[in-house]
Amino acid sequence: VQLVESGGGLVQPGGSLRLSCAASGFTFSSYHMSWFRQAPGRERELVAPITNAGGGTNYADSVKGRFTISRDNAKKTVYLQMNSLKPEDTAVYYCYARGLREYWGQGTQVTVSS
């Protein structure tokens, strides 16, 4: 089983990034997926979940209106489009799968700084 995140990096405030999480080794379409993040010295927090078929999404208040979660079950990939990024969005972003079992990705660093 693997969850491999990509797309992180350094971006200026107000910029955009698109994170991807490619899954393998389990029945992706049967799993609800989520993005979490963890900033230095802080607990890991839920950013956005999406249901297995993609019909249901939700967002943390801090990212609502700026981030969009989506998935492509044919490509076994979940995405997080991040717009209007702020310095407080700086964190390691993790992909999480929940179904019969739970899986975590290794994380990708997002740094928002001028």
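The structure we're discussing is the one just above.
Not measured: the values here are computed from a predicted model.

Colleague: Break down the overall build of the protein for me, with residues and values.
Modeller: Helix and strand counts for the protein come out as 0 helices and 10 strands. Helices and strands in the protein line up, N terminus first, as β-β-β-β-β-β-β-β-β-β. What you see for the protein is a C-alpha radius of gyration of 13 Å, in line with the 13 Å of a compact globule of 114 residues. Along the longest, intermediate and shortest principal axes, the C-alpha atoms of the protein span 40 × 25 × 25 Å. When the 114 residues of the protein are sorted by exposure, 40% land in the buried category. A separation of at least 24 residues holds for 53% of the contacts in the protein among residues at least 6 apart in sequence. As presented, the protein carries roughly 6000 Å² of accessible surface, and 46% of it is formed by carbon and sulfur atoms. Charge separation in the protein, taken as the distance between the mean sites of 12 positive and 8 negative side-chain charges, equals 6 Å.

Colleague: How would you summarise the pattern of salt bridges if you had to cite specific residues and measurements?
Modeller: Tallied over the full model, the rule gives 4 salt bridges. For the salt bridge of Glu-45 with Arg-37, the shortest nitrogen-to-oxygen distance reads 2.6 Å.

Colleague: An account of the side chain of Arg-66 is needed here, citing residue identities and associated values.
Modeller: Within the element layout of this structure, Arg-66 appears in the loop between β5 (45-50) and β6 (67-72). A distance of 2.8 Å separates the side chain of Arg-66 from the backbone oxygen of Ser-62, its partner in a polar contact. A distance of 2.8 Å separates the side chain of Arg-66 from the side chain of Asp-89, its partner in a polar contact. Ignoring sequence-local partners within four residues, the contact set of Arg-66 consists of Gln-81, Met-82, Asn-83, Ser-84, Leu-85, Lys-86 and Asp-89.

Colleague: Talk me through the state of the cysteines; I want residue IDs and the actual numbers.
Modeller: Taken as a whole and judged by the stated rule, the model has 1 disulfide. Between Cys-21 and Cys-95 runs a disulfide, and the two sulfur atoms are separated by 2.1 Å. Negative torsions about the S-S bond denote left-handed disulfides, and the value of about -85° found for Cys-21 with Cys-95 makes this one left-handed. Remark: Cys-95 occurs in strand β8 (residues 91-98) and Cys-21 occurs in strand β3 (residues 17-24); sequence separation between them is 74 residues. Assigned by exposure class, Cys-21 and Cys-95 land together as buried.

Colleague: Describe the sheet that holds strand β7 (residues 77-82), listing the residues and the values that go with them.
Modeller: The 4 strands lie next to each other as β1-β3-β7-β6, forming an open sheet whose pairing is antiparallel. Both outer strands of the open sheet, β1 (2-6) and β6, are each paired with one neighbouring strand and no more. Each neighbouring strand pair of the sheet contributes to a mean axis angle of 15°, computed without reference to strand direction. Relative to β3, β1 runs antiparallel, the two sharing 5 bridges. Counted as the bridge partner of Val-4 is Ala-22 from β3.

Thresholds applied
- Residues numbered from 1 in each chain as written.
- Predicted model: local features only at pLDDT ≥ 70, side-chain atom pairs only at ≥ 80, totals over all residues.
- Heavy atoms only, no water.
- Helix = DSSP H or I, 4+ residues; strand = E, 2+ residues; numbered from the N terminus.
- Rg over C-alpha atoms; globule rule 2.2 N^0.38 Å.
- Buried < 20%, exposed > 50% of the residue type's maximum accessible area, 1.4 Å probe, protein only.
- Contact = heavy atoms within 4.5 Å.
- Areas by Shrake-Rupley, 256 points an atom, 1.4 Å probe, with all protein chains shown as cover.
- Lys, Arg positive; Asp, Glu negative; His and termini not counted.
- Charge placed at Lys NZ, Arg CZ, Asp CG, Glu CD.
- Salt bridge = Lys/Arg side-chain N within 4 Å of Asp/Glu carboxyl O.
- Polar contact = N/O pair within 3.5 Å; in protein donor to acceptor, adjacent residues only side chain to side chain.
- Disulfide = S-S within 2.5 Å.
- Pairing = 2+ DSSP bridges.
- Axes fitted to C-alpha atoms, helices over the stretch in contact; angles between N-to-C directions.

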